[in-house]
Amino acid sequence: MRCLGGVPYVSLVATLLCFSGIALFCGCGHQALTESERLIETYFTRDHQDFITLAYLIEYFQYIIYGLASFFFLYCIILLAEGFYTTSAARQSFGEFRSTVCGRCLSTTFIVITYFLVVVWLLVFSLSALPVYFFYNMANTCHTINILSETPSSINQLCIDARQYGLLPWKAVPGKACGMTLSNVCKTREFFLTYDLYIAAFAGAGMTVLALITYTVSTTYNFAVLRYLGRKGISPRC
């Protein structure tokens, strides 16, 4: 019971949430980029030279995803260890002075780092909504085309232009899909899979933001209580 009383439950929940969010964002994001490359190359461009810049960017983003997954796995483990270190169980193991002074230093450091990561991931969370918005518009346009399929002259004016979203240069040909061609694209396996993967990656980014905010609250609480009650030999449970 004494050991269970020293478990940092908030940090533990944040760690599980962070692992889940990073796994969704990195795993689904990586595969979504691969599927996006195939989709755009197949249906929106004929010349590989028009597509090569986007292909390089996708490759670089995938490498960044590898680094993010490794970094957050280690960082979440460290934050969880810090949560254990600043509990009463750690104080009984290491002594009052070490758990108070070192705990305050660690908490201050992690508060600053985690706060910075929250700001960065809020930006990532916002940017991850852009591909979801693109595919949502594409699906909505396809739905409109299916409704107006009895009037071909009208549906040919409904298009999705990848160049407007910066995915392809303006010189790319055709750069867009219109009418029934676009409707057929929306019925492909690649479209549904890529759309679902981006939604999952978006949800994973949101979970990661929530986990980092929880970490910030937890480390701030530990720091405040260690600072206020450290001289009395009382340490927090968070």
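Everything below is about the structure printed above this text.
Conventions we followed
Residues numbered from 1 in each chain as written. Predicted model: local features only at pLDDT ≥ 70, side-chain atom pairs only at ≥ 80, totals over all residues. Heavy atoms only, no water. Phe/Tyr/Trp six-rings, centres within 6.5 Å; stacked < 30°, edge-to-face > 60°. Helix = DSSP H or I, 4+ residues; strand = E, 2+ residues; numbered from the N terminus. Buried < 20%, exposed > 50% of the residue type's maximum accessible area, 1.4 Å probe, protein only. Disulfide = S-S within 2.5 Å. Patch = residues over 30% accessible without salt bridge, like charges linked within 9 Å, V, L, I, M, F, W, Y side chains within 5 Å. Areas by Shrake-Rupley, 256 points an atom, 1.4 Å probe, with all protein chains shown as cover. Salt bridge = Lys/Arg side-chain N within 4 Å of Asp/Glu carboxyl O.

Before going further, it helps to spend a moment on the packing of aromatic side chains. Under the criterion given, the structure shown has 15 aromatic pairs. Seen in terms of ring centroids, Tyr63 and Tyr66 are 6.0 Å apart; in terms of plane orientation they differ by 70°. Their pairing is edge-to-face. Within this pair, Tyr63 and its partner Tyr66 are both found in helix α3 (residues 48-85), separated by 3 residues, close to a single helical turn. Note on Tyr63: relative accessible area 51%, which makes it exposed.

Turning next to the state of the cysteines. Note on terminology: disulfide describes a covalent bond linking the sulfur atoms of two cysteines. According to the stated counting rule, one finds 2 disulfides in the structure shown. Residue Cys142 pairs covalently with Cys186 via a disulfide, S to S 1.8 Å. In this structure the cystine formed by Cys142 and Cys186 twists about its S-S bond by roughly 55°; its chirality is therefore right-handed. With Cys142 in helix α6 (residues 129-147) and Cys186 in helix α8 (residues 179-186), this pair connects stretches of sequence that are 44 residues apart. Taken individually, Cys142 and Cys186 each receive the classification buried, so the pair is uniform in this respect. Note on cysteine connectivity: Cys159 is disulfide-linked to Cys178, with sulfurs 1.9 Å apart. Residues Cys159 and Cys178 share a disulfide whose torsion about the S-S bond is about 110°; that sign makes it right-handed. Taken together, the residues Cys159 in strand β1 (residues 159-161) and Cys178 in strand β2 (residues 176-178) connect sequence positions 19 residues apart. For the protein chain, the bonded cysteines connect in the pattern 1-4, 2-3 when numbered consecutively along the sequence. No disulfide involves Cys26; its sulfur sits 9.6 Å from the nearest other cysteine sulfur, which is in Cys18. For the unlinked cysteine Cys28, the closest cysteine sulfur is that of Cys26, found at 9.8 Å.

On the surface, Tyr56, Leu57, Tyr60, Phe61, Tyr63, Ile64 and Tyr66 cluster together into a nonpolar patch covering about 790 Å² of accessible area. Looking at where Tyr56 falls in the secondary structure, it is placed in helix α3. The partly exposed category is assigned to Tyr56, whose relative accessible area is 43%.

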